[in-house]
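Below, each chain spelled out in residue letters.
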Amino acid sequence: MGIIEKLRLDGKTAFVTGGARGIGKSVATAFCEAGADVAIVDIDLDEAEKTAAALAAGTGARTLAVRADVTDPADVDAMMASILARYGKLDVAFCNAGICRNIPAEEMSYEQWRSVVDVNLTGVFLTAQAAGRQMLRQGGGSIINTASMSAHIVNVPQPQCSYNASKAGVIQLTKSLAVEWAARNVRVNCISPGYIGTELTLNSPTLVPLIEQWNAVAPLHRMGKPEELQAICVYLAGDSSAFTTGADFVIDGAFTCI
């Protein structure tokens, strides 16, 4: 099998959390274009259904829209049951759902702290755990978690300690799961995107004023595009990355180098 064939995802099934919009939608699109069947998982079922329908029409993939709160173990179990009822197996999991709150640390309430950590870290654990259990039963699979360059640096000027801490936890969780499951052929990796120009970011009243500041110091003087994360995720999902596990891929236009 040649390298191009190894990069294909034909015959594989995947889920993408936070899949209705932004990075999740972009990666789900790439998985479908590479030949996979994909479940679009999101807390917003209406948007998940729109994304799933558009991808099915545009790529011919068998898609599924699933509503799930990734912080709720019962929801995650129900998500997996729906996916297995439709596809019968799971080969790839992109555990991507996340939120950010820009609140000074001294003003942050416990509830605000916990909401970020629950989605960004506990949600990744619960969905990766559910995927891992199925993959271990099957004899293999690939899990990709979304961390952030914010796990490596302290972003300025926005105050986001809960986000930074949660994403640093995702990297260590990824490494821990990778080591635990390596001998049983379940690979676990993560990506650490830099500032990405999603629809949400580009239209956020809080973030738009900061974009000029970020771009002024960024080595490439621009934000990344969601589609610039597609290739690494397709690589990690496919057979060509069989020796790649426990790795964190920073895709940030060299932002963390400065």
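Residues numbered from 1 in each chain as written. Predicted model: local features only at pLDDT ≥ 70, side-chain atom pairs only at ≥ 80, totals over all residues. Heavy atoms only, no water.

- Per an unreviewed UniProt entry, the protein carries the name SDR family oxidoreductase and comes from Lawsonibacter hominis.
- What the UniProt record of the protein gives under Sequence similarities (unreviewed entry) is the line "Belongs to the short-chain dehydrogenases/reductases (SDR) family." (UniProt positions renumbered as here; feature names shortened; annotations may be inferred.)

## Digging into the environment of W214
Part 1 of the argument: In this structure, W214 sits in helix α8 (residues 208-217).
Part 2 of the argument: Separated by 19 residues in sequence, W214 and Y195 place their C-alpha atoms 8.2 Å apart.
Part 3 of the argument: Non-local contacts of W214, meaning those with residues more than four positions away in its chain, are made with V156, P157, Q158, Y195, T201, L207, M223 and F255. (Helix = DSSP H or I, 4+ residues; strand = E, 2+ residues; numbered from the N terminus. Contact = heavy atoms within 4.5 Å.)

## Some remarks on helix α3 (residues 45-59)
Part 1 of the argument: Its 15 residues place the ends of α3 21 Å apart at the C-alpha level, agreeing with the 21 Å of an ideal helix rising 1.5 Å per residue.
Part 2 of the argument: Along its buried surface, α3 packs onto α2 (22-33), β2 (37-42) and β3 (63-67).
Part 3 of the argument: Count one or two residues on from α3 and you reach G60, which has phi positive near 85 degrees. (Expected span 1.5 Å × (residues − 1).)

## Quick word on empty space enclosed by the protein
Part 1 of the argument: Tallied over the entire structure, the rule returns one cavity of 30 Å³ or more.
Part 2 of the argument: Roughly 30 Å³ of volume is contained in the largest cavity.
Part 3 of the argument: Forming the walls of the largest cavity are T17, V70, C95, N96, A97, V119, G123, V124 and T127.
Part 4 of the argument: Of all the elements, helix α5 (residues 110-138) adds the most residues to the lining of the largest cavity, at four residues.
Part 5 of the argument: Here the residues of the lining of the largest cavity sort into five nonpolar, four polar and no charged. (1 Å grid on protein atoms, 1.4 Å probe; cavity = no way out; pocket = protein on both sides within 12 Å on 5 of 7 lines; lining within 4 Å. Points joined across faces, edges and corners; volume = space filled by probe spheres on them. Nonpolar A, V, L, I, M, F, W, Y, C, P; charged D, E, K, R; others polar.)

## Brief notes about the state of the cysteines
Part 1 of the argument: All told, the structure shown has zero disulfides when counted by the stated rule.
Part 2 of the argument: Among the cysteines around C233, which has no disulfide bond, C190 carries the closest sulfur, lying 11 Å off.
Part 3 of the argument: Residue C233 is classed as buried on the basis of its relative accessible area, which comes to 0%.
Part 4 of the argument: Of all cysteine sulfurs, the one in C190 lies closest to C257, which takes part in no disulfide; the gap is 17 Å.
Part 5 of the argument: The exposed category is assigned to C257, whose relative accessible area is 66%. (Disulfide = S-S within 2.5 Å. Buried < 20%, exposed > 50% of the residue type's maximum accessible area, 1.4 Å probe, protein only.)

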